[in-house]
Amino acid sequence: MLPGRLPRGWPVGRDGSGLTRVRIGRVPTGWTSSLRKLRWTSSAVLAAGATGLVLGGGIVSLACPFRTVFGIDCPGCGGSRMIGALLRGDFAAALDFNAFGLLVVLPLAAVLLIAGARVELGRAARMWPSGRTGLLAAVALGVAIVAWAVVRNLPGAEVLLA
Ligand SMILES: [Zn+2]
C-alpha cells in the first residue's frame, strides 16, 4: 500500500510503509504498575487516614449513641481520642482511651489493608481466611469484642485498665 493511500492519521514508517512499530505509551512496570492497581487499597488508606485526622484531630467530635442511650462504654468508645493521642505520640494515653482499639483493631486494620493490597495485586485469593480458619477467626474476633465491652464496664475497670 502506498503512503498516499493510507487512511488519514495512519502511522507511517521512515521507509514510507504503513507497517511500523508505533509507540502508543509507556507500559508501566515495577512498583508504579503495582501502585496503579491498588485502587481499593489506596482509597481505603485515604479514607481511613482522613477519618482518623478528622476524628482524632478533634475537628469533628461525635457522641457515642450507645453510651448516650445505655450510659456505658461500647467497644469503640474512646476510639477517636485514642487516635488523637496516637497522633500526638502519646502511646500511654492511647492505651488508656481504648486499649482494644490500639492493640487489636488498628493492627487488624493494617493486616486487612495489606491483605487487600495482595488481593488487588493478584498475589492472594482473599483478604480473610476461608473455611474453618476464617470462621474461627471471625468468631474469636466477635468474642474478643464482646469480652472487651464487658471488661471495660466492670466496676473498677478504670483502675485495672489505666
Ligand atoms: Zn461508644
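Computed from a predicted structure; not experimentally measured.

Caption draft 1: Representation of the overall build of the protein. A count of helices and strands for the protein gives 8 helices and 0 strands. Moving toward the C terminus, one meets the helices and strands of the protein in the order α-α-α-α-α-α-α-α. A buried classification covers 20% of the 162 residues belonging to the protein. When contacts within the protein are restricted to residue pairs at least 6 apart in sequence, long-range pairs at least 24 apart make up 45% of them. Carbon together with sulfur atoms contributes 67% to the accessible area of the protein, which is approximately 11900 Å² in total.

Caption draft 2: View of the coordination of the zinc ion. Protein coordination at the zinc ion comes from Cys64 (SG), Cys74 (SG) and Cys77 (SG), with a distance range of 2.1 to 2.2 Å. With relative accessibility at 8%, the residue Cys77 sits in the buried group.

Caption draft 3: Representation of the packing of helix H6 (residues 99–120) against helix H7 (residues 131–151). As a packed pair, H6 and H7 sit with axes 11 Å apart at the nearest point and diverge in direction by 160°. Viewed along their axes, H6 and H7 adopt a mutual orientation that is roughly antiparallel. The two elements H6 and H7 meet at a crossing, and its hand is left-handed. Each of Ala99, Phe100, Val104 and Leu108 in H6 lies in contact with H7, whose residues at this interface are Leu141, Ala144, Ile145 and Trp148. For the contact of H6 with H7, a count of residues per class yields 8 nonpolar, no polar and no charged.

Criteria and cut-off values
- Residues numbered from 1 in each chain as written.
- Predicted model: local features only at pLDDT ≥ 70, side-chain atom pairs only at ≥ 80, totals over all residues.
- Heavy atoms only, no water.
- Helix = DSSP H or I, 4+ residues; strand = E, 2+ residues; numbered from the N terminus.
- Buried < 20%, exposed > 50% of the residue type's maximum accessible area, 1.4 Å probe, protein only.
- Contact = heavy atoms within 4.5 Å.
- Areas by Shrake-Rupley, 256 points an atom, 1.4 Å probe, with all protein chains shown as cover.
- Donors = N, O, S within 2.8 Å, 3.2 Å for Na, K, Ca; no water.
- Axes fitted to C-alpha atoms, helices over the stretch in contact; angles between N-to-C directions.
- Parallel < 35°, antiparallel > 145°, perpendicular 65-115°, else oblique.
- Left-handed = near helix turned anticlockwise from the far one by under 90°.
- Nonpolar A, V, L, I, M, F, W, Y, C, P; charged D, E, K, R; others polar.

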